[in-house]
Amino acid sequence: MGTRGGLVGTLTALRGAQKSAKGVSLYSRYVNRPAGRILAAGAYRVGLTPNQVTLVSAAFTFAGITAVALVRPSWPLAVAVYAALVVGFAFDSADGQLARLTGKGGPAGEWLDHVVDCAKMVALHAAVLIAFYRFFELSGEGWLLVPLGFQLAAVLTFCAGLLTEQLKRGLPQGDAPAAPPSRLRAVALLPVDYGVFCLVFLTLGAPGVFRAVYAVLAVVHALFLVAFLAKWFRELSAFPRTPA
């Protein structure tokens, strides 16, 4: 089989190794996962491991984060940061797809992936805080609290969602068939999709616009956090208590 045939065959195999689309936004389903599938196929062809792909994802992401903190906002910076974050996010999807394709995934790889995800959430909002302090003409010091609040909402949503998923794995799920992915839910989740959040950085060339859009998205994430926490608590409360 030629190189092209091998690549097409790899892409076909990857399509059959996708995670469920349930609870996934339209961006992740139709943009990030397909991009990650192409990157995973390329990584497979050159012999990269899933953990190496995770580190490639981290390299792109933290290059963009570092630029936000250290470089004065401009339109070239906006494009560079957006590109770095989006490519890093696509590689973040590619590592899991490659792990499922090769069967080389495991607890260590999953741990590394989650550590990188958590680190980028903390670091990205910290970088915005630094940029606000160094480069932005703020109307008051209260603006410095916005990245801290956004950081809290993002990290708490990530950690609580991960914990809920882990707790559900150890609970009886019953025999009811799984509901198909909801298109309406996929649309509703767009505001809290990381890929959509990356779009905000395209406005770095206009600091006032960036600050306003970032603040609005921070409020949206806080509202979603409240809704998610209530939903997850309600779902876990529905399971019977385990005996002491």
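Computed from a prediction, not measured in an experiment: that's the story for all the values here.

### Focus on the nonpolar core
For step 1, the next point in the chain: Core analysis: the biggest nonpolar cluster contains 30 residues, and Phe-197, Phe-201, Leu-204 and Phe-210 have the highest contact counts within it.
For step 2, the next point in the chain: Broken down by secondary-structure element, the contributors of at least two residues to this core are helix 3 (50-70), helix 4 (75-102), helix 5 (107-135), helix 8 (194-199) and helix 9 (207-237).
For step 3, the next point in the chain: The element that contributes the greatest number of residues to this core is helix 4, accounting for seven residues.
For step 4, the next point in the chain: Excluding its chain neighbours within four sequence positions, the residues that come into contact with Leu-204 are Val-68, Pro-73, Ser-74, Leu-77, Ala-78, Val-81, Phe-136 and Phe-210.
For step 5, the next point in the chain: Ala-41, Ala-43, Val-53 and Leu-98 belong to the second-largest nonpolar core, a separate cluster that totals nine residues.

### A word on helix 4
For step 1, the next point in the chain: The first and last C-alpha atoms of helix 4 sit 40 Å apart over 28 residues, in line with the 40 Å expected at 1.5 Å per residue.
For step 2, the next point in the chain: Backbone nitrogen of Leu-77 and a side-chain oxygen of the N-cap are separated by 3.2 Å at the start of helix 4; the cap is Ser-74.
For step 3, the next point in the chain: Phi turns positive, to about 70°, at Gly-103, one or two residues after helix 4.

### Some details on a nonpolar patch on the surface
For step 1, the next point in the chain: On the surface, a cluster of nonpolar side chains totalling about 230 Å² of accessible area is made up of Val-79, Leu-199 and Leu-202.
For step 2, the next point in the chain: Looking at the element boundaries, Leu-202 is found in the loop between helix 8 and helix 9.
For step 3, the next point in the chain: Judged by its relative accessible area of 31%, Leu-202 is partly exposed.

### A word on the environment of Tyr-27
For step 1, the next point in the chain: Within the secondary structure, Tyr-27 is located in helix 2 (residues 26-46).
For step 2, the next point in the chain: Counting along the chain gives 166 residues from Tyr-27 to Asp-193, while the straight-line C-alpha distance between them is 7.3 Å.

### Here's the deal with the environment of Asp-95
For step 1, the next point in the chain: Within the secondary structure, Asp-95 is located in helix 4.
For step 2, the next point in the chain: Separated by ten residues in sequence, Asp-95 and Gly-105 have C-alpha atoms that sit 9.0 Å apart.
For step 3, the next point in the chain: In this structure, Asp-95 is in contact with Pro-50, Val-53, Thr-54 and Asp-113, ignoring residues within four places of it in sequence.
For step 4, the next point in the chain: At 2.6 Å, the side chain of Asp-95 and the side chain of Thr-54 are in polar contact.

Basis of the calculations
- In every chain, residue numbers begin from 1 and rise along the written sequence.
- Where totals are concerned, whole chains, interfaces and linings use all residues; where local detail is concerned, this predicted model gives features only for residues with pLDDT of at least 70, and gives and counts side-chain atom pairs only at 80 or more.
- As a convention, hydrogens and water are excluded, and side-chain values are obtained from all of the structure's heavy atoms.
- To qualify as a nonpolar core, a set must consist of buried Ala, Val, Leu, Ile, Met, Phe, Trp, Tyr and Cys residues joined through side-chain atoms within 4.5 Å.
- Note on classification: 1.4 Å probe, protein chains only; a residue is buried when its accessible area is under 20% of the maximum for its type, exposed when over 50%, partly exposed between these limits.
- The secondary structure listing takes helices from DSSP runs of H or I that are at least 4 residues long and strands from runs of E that are at least 2 residues long, numbered from the N terminus.
- For this analysis, residues touch if any pair of their heavy atoms sits within 4.5 Å.
- Here the expected length of a helix is defined as 1.5 Å per residue gap, with one fewer gap than residues.
- Throughout this description, a polar contact denotes any pair of N or O atoms lying within 3.5 Å of each other; where both atoms belong to protein, one of them has to be capable of donating a hydrogen while the other can accept it, and for residues adjacent in sequence the pair is counted only when both atoms sit in side chains.
- Nonpolar side chains (Val, Leu, Ile, Met, Phe, Trp, Tyr) are joined into patches within 5 Å and like charges within 9 Å, using only residues with over 30% relative accessible area and no salt bridge.
- Calculation of accessible area relied on Shrake-Rupley with a 1.4 Å probe; when residues are assessed, cover is drawn exclusively from the protein chains displayed.
- Should a side-chain nitrogen of Lys or Arg be within 4 Å of a carboxyl oxygen of Asp or Glu, the pair is scored as a salt bridge.

None of this, on its own, says anything about what the molecule does.
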